[in-house]
Amino acid sequence: MATRLGDHMRERLAAFGLMGPAIAQSAVGAGLAWTAAVHLLGHPRPFFAPISVLICLGVGLGQRLRRVIELVVGVSLGVGVGDLLVAWIGTGPWQIALVVTLAMGTAVLLNGGALFVGQAGSSAVLVATLLPGAGGGGLDRMLDALTGGLIAVAAVALLPISPFTLAAKHASAVLDALSTVLERAADAIERHDADLAAEALAEGRRTQSTIEDFQQALTTSKEIALISPLHWHRRARLARYQKAAVPMDHALRNARVLARRTLVSLGEDSPPPVSLAASLREVSEAALLLQLELAAGRDPALARQALVATAGRQRPERLGFSADVILAQVRSIVVDLMLATGADHEAAGAALPPVEPPDRQDAAHESRPAPGREERPRG
């Protein structure tokens, strides 16, 4: 229990360390947006300015430029519809319902995203309830939203999270998870332990959120590298992660299939041979080597060489159905990781020994002498 609590605390502290810069961006940006709207625009209570900063930056990761556009347009639509209707029909429960319906309905018809639609509705509610009939309030709120959006973009450019560090941390989590699944599956095969195989499968099933976080971090990293002049020089290093993202996702998916088949195979009469465990560990080590080289910002040539060597040893054999499936997944993961190193599809596929048709395998098997017996030359 204490170990699990300690692991949970470490995970939370790691998450806080990762999101700390985003929290600082949001806090500083909100204060600057309020100050700018009060002193530069002369608005006494510009609540939309800091709110727009928080929505555009957020505590999570996402597409901030699109958020700025959706926020400003959504606020403008909601304020416009709200001011127009409230001046005509007044305020009250049914008026609020009508204002929200029209504002959000118009946003949906304009094919807006969730933020766009939500901002249109909430802005209409604020106009219809908190500030009905405030002359010039609609334009002021639109300017507040625009001010907050611009400051959010400035915060990304001038107080940026390192896009490379952000991508590297999430990519490391993906490759760590892949390595862990393969290592536990290898232990399960060596020890013929179904419980270890179940742990490997459970670990594999938890990896989906890891790859989704990585993909979202890549989106944000690409955006930061585009906006911030401080990180333009990191685009080439970031491009390696962008190229590796899809193959890493495929490798994790194949690892989940491998873990599931490992668990099934350990309940069969013919469990997979122990030799498969060595193959799993080789691929696991190659994944960790890829992690180190990408994090160092260099071309993962050593990981590519290790994977080529590993691929050459993955010869298809007739080991039994479950073992054949495991070996096929190992081969697929090797190809996925080679693609993640920057190799092209042709080179990755060529590194694997070809799969012979079943009839040729059977003929080769029958032509071999039985164990303990040798073919004697005929006189």
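The rules behind each value
- Position labels on residues start from 1 in each chain and follow its written sequence.
- Only residues with pLDDT of at least 70 are given local features in this predicted model, and only at 80 or more are side-chain atom pairs given and counted; all residues enter the totals for whole chains, interfaces and linings.
- Calculation of side-chain values draws on the structure's entire complement of heavy atoms; hydrogens and water are dropped beforehand.
- UniProt positions are given in the numbering used here, feature names are shortened, and annotations may be inferred rather than shown by experiment.
- We count a stretch as a helix when DSSP gives it H or I for four or more residues in a row; a strand needs E for two or more, and each element gets its number in order from the N terminus.
- Exposed residues in this analysis have more than 50% of their type's maximum accessible area, buried residues have under 20%, and partly exposed residues fall in between, with area computed by a 1.4 Å probe over protein chains only.
- Between two residues, a contact is recorded if the distance between any of their heavy atoms is within 4.5 Å.
- What sets the accessible areas is the Shrake-Rupley method with a 1.4 Å probe; for residues, cover comes only from the shown protein chains.
- For salt bridges, the criterion is a side-chain nitrogen of Lys or Arg within 4 Å of an Asp or Glu carboxyl oxygen.
- Convention adopted: a line fitted to C-alpha atoms gives each axis, helices being fitted over their contacting stretch, and angles between N-to-C directions are expressed from 0 to 180 degrees.
- For classification purposes, an angle smaller than 35 degrees is called roughly parallel, one larger than 145 roughly antiparallel, one from 65 to 115 roughly perpendicular, and anything else oblique.
- Gly counts as polar in this scheme, as do all residues outside two lists: the nonpolar Ala, Val, Leu, Ile, Met, Phe, Trp, Tyr, Cys and Pro, and the charged Asp, Glu, Lys and Arg.
- Crossing handedness follows the turn of the near helix against the far one: under a right angle anticlockwise gives a left-handed crossing, and clockwise gives a right-handed one.
- Remark: nonpolar core denotes a set of buried residues (Ala, Val, Leu, Ile, Met, Phe, Trp, Tyr, Cys) joined through side-chain atoms within 4.5 Å.
- For this analysis, a polar contact is any N or O atom pair within 3.5 Å, provided that within protein one partner can donate a hydrogen and the other can accept it, and provided that sequence-adjacent residues contribute only side-chain to side-chain pairs.
- Exposure above 30% relative accessible area and the lack of any salt bridge qualify a residue for a patch; like charges then connect within 9 Å, and the nonpolar side chains Val, Leu, Ile, Met, Phe, Trp and Tyr within 5 Å.
- In this scheme, a helix's expected span is set at 1.5 Å multiplied by one less than its residue total.
- The term bend refers to the angle at a residue between two fitted axes, each drawn through seven residues, those ending there and those starting there.

For the record of the chain, the UniProt heading Subcellular location (unreviewed entry) holds the text "Membrane".

Trainee: Describe the overall build of the chain, and please don't skip the residues or the numbers.
Mentor: When helices and strands are counted, the chain shows 15 helices and 0 strands. The 379 residues of the chain split such that 44% are buried. Partitioning the intrachain contacts of the chain with sequence separation of at least 6 by distance along the chain shows that 75% fall at a separation of at least 24. In the structure as shown, the chain presents an accessible area of about 19,500 Å², 61% of it carried by carbon and sulfur atoms.

Trainee: How would you sum up the pattern of salt bridges? Please name residues and give values.
Mentor: Within this structure, the stated rule accounts for 8 salt bridges. One salt bridge in this structure joins glutamate 203 and arginine 184, with 3.5 Å as the shortest N-O distance. With glutamate 203 in helix α8 (residues 194-205) and arginine 184 in helix α7 (residues 163-191), the pair connects residues that are 19 residues apart, well separated along the chain. Taking relative accessible area as the criterion, glutamate 203 reaches 17% and is therefore assigned buried. Overall, arginine 184 belongs to the partly exposed group, its relative accessible area being 29%. Here arginine 304 ties to aspartate 299 by a salt bridge, and the two come within 3.0 Å at their closest N and O atoms.

Trainee: So, the packing of α7 against helix α11 (residues 275-295): which residues are in play, and what are the values?
Mentor: It is at 8 Å that the axes of α7 and α11 come closest, and there the two elements cross at 170°. In terms of orientation, α7 and α11 fall into the roughly antiparallel class. Considering only residue class, the contact of α7 with α11 consists of 16 nonpolar, 4 polar and 5 charged.

Trainee: Describe in detail the packing of α11 against helix α13 (residues 321-340), supporting the description with residues and values.
Mentor: It is the contact of α11 with α13, at a shortest axis distance of 11 Å, that shows an interaxial angle of 15°. Taken together, the axis directions place α11 and α13 in an arrangement best described as roughly parallel. Judged by the twist between their axes, the crossing of α11 over α13 is left-handed. Seen from α11, the contacting residues are Leu276, Ser279, Leu280, Val283, Ala287 and Leu290; seen from α13, they are Ala323, Ile326, Leu327, Val330, Ile333, Val334, Leu337 and Ala340.

Trainee: Tell me what's going on with the nonpolar core, and back it up with residues and numbers.
Mentor: Ranked by internal contacts, the top residues of the largest apolar core, which has 54 residues, are Leu178, Phe214, Tyr241 and Leu337. Going through the elements one at a time, α7, α8, α9 (208-227), α10 (235-265), α11, α12 (301-312) and α13 are the ones with two or more residues in this core. Here the element with the most residues in this core is α7; it accounts for 12 residues. Setting aside chain neighbours within four positions, we find phenylalanine 214 in contact with Ala167, His170, Ala171, Val174, Tyr241, Ala245 and Met248.

Trainee: Just give me the short version of the environment of proline 44, but keep the residues and values in it.
Mentor: When you line up the elements, proline 44 lands in the loop between α1 (2-39) and α2 (48-57). With 10 residues separating them in the primary sequence, proline 44 and tryptophan 34 have C-alpha atoms 9.6 Å apart. Contacts of proline 44, omitting those with residues within four sequence positions, involve Trp34 and Val38.

Trainee: Can you tell me about the side chain of serine 284, naming the residues and giving the values?
Mentor: For serine 284, the position within the fold is in helix α11. Residue classification places serine 284 among the buried residues on the basis of a relative accessible area of 0%. Setting aside its immediate chain neighbours within four residues, serine 284 contacts Ser179, Leu182 and Glu183.

Trainee: Outline the environment of glutamate 190, listing residues and values.
Mentor: Within the secondary structure layout, glutamate 190 lies in helix α7. Sequence separation of glutamate 190 and alanine 277 is 87 residues, and the distance between their C-alpha atoms is 6.3 Å. Those residues in contact with glutamate 190 that lie beyond four places of it in its chain are Val274, Ala277 and Arg281. Within polar-contact distance, the side chain of glutamate 190 engages the side chain of arginine 281 at 2.9 Å.

Trainee: Give a description of a nonpolar patch on the surface that names residues and reports values.
Mentor: A cluster of nonpolar side chains, namely Leu40, Leu41, Leu143, Leu146 and Leu150, defines an oily patch on the protein surface of about 460 Å² accessible area. Mapped onto the fold, leucine 143 is located in helix α6 (residues 137-158).

Trainee: Any chance you could break down unusual backbone geometry for me, citing the residues and the numbers?
Mentor: With a phi angle near 50°, histidine 192 is a residue other than glycine that sits in the positive phi range. With respect to the secondary-structure elements, histidine 192 resides in the loop between α7 and α8. Here histidine 192 falls in the partly exposed class, since its relative accessible area comes to 42%.

Trainee: Which residues make up α10, and what are the values?
Mentor: An ideal rise of 1.5 Å per residue puts 45 Å on 31 residues; α10 measures up with 45 Å between its terminal C-alpha atoms. Within α10, the axis deviates most sharply at alanine 245, by approximately 40°, and proline proline 247 lies no more than four positions further along.

Trainee: Summarise the side chain of aspartate 144; cite the residues concerned and give the values.
Mentor: As for its position among the elements, aspartate 144 is in helix α6. Judged by its relative accessible area of 4%, aspartate 144 falls in the buried class. Of note is the side chain of aspartate 144, whose polar atom sits 2.6 Å from the side chain of histidine 43. Contacts of aspartate 144, omitting those with residues within four sequence positions, involve Ala37, Leu41, His43, Pro46, Phe48, Ala49 and Ser52.

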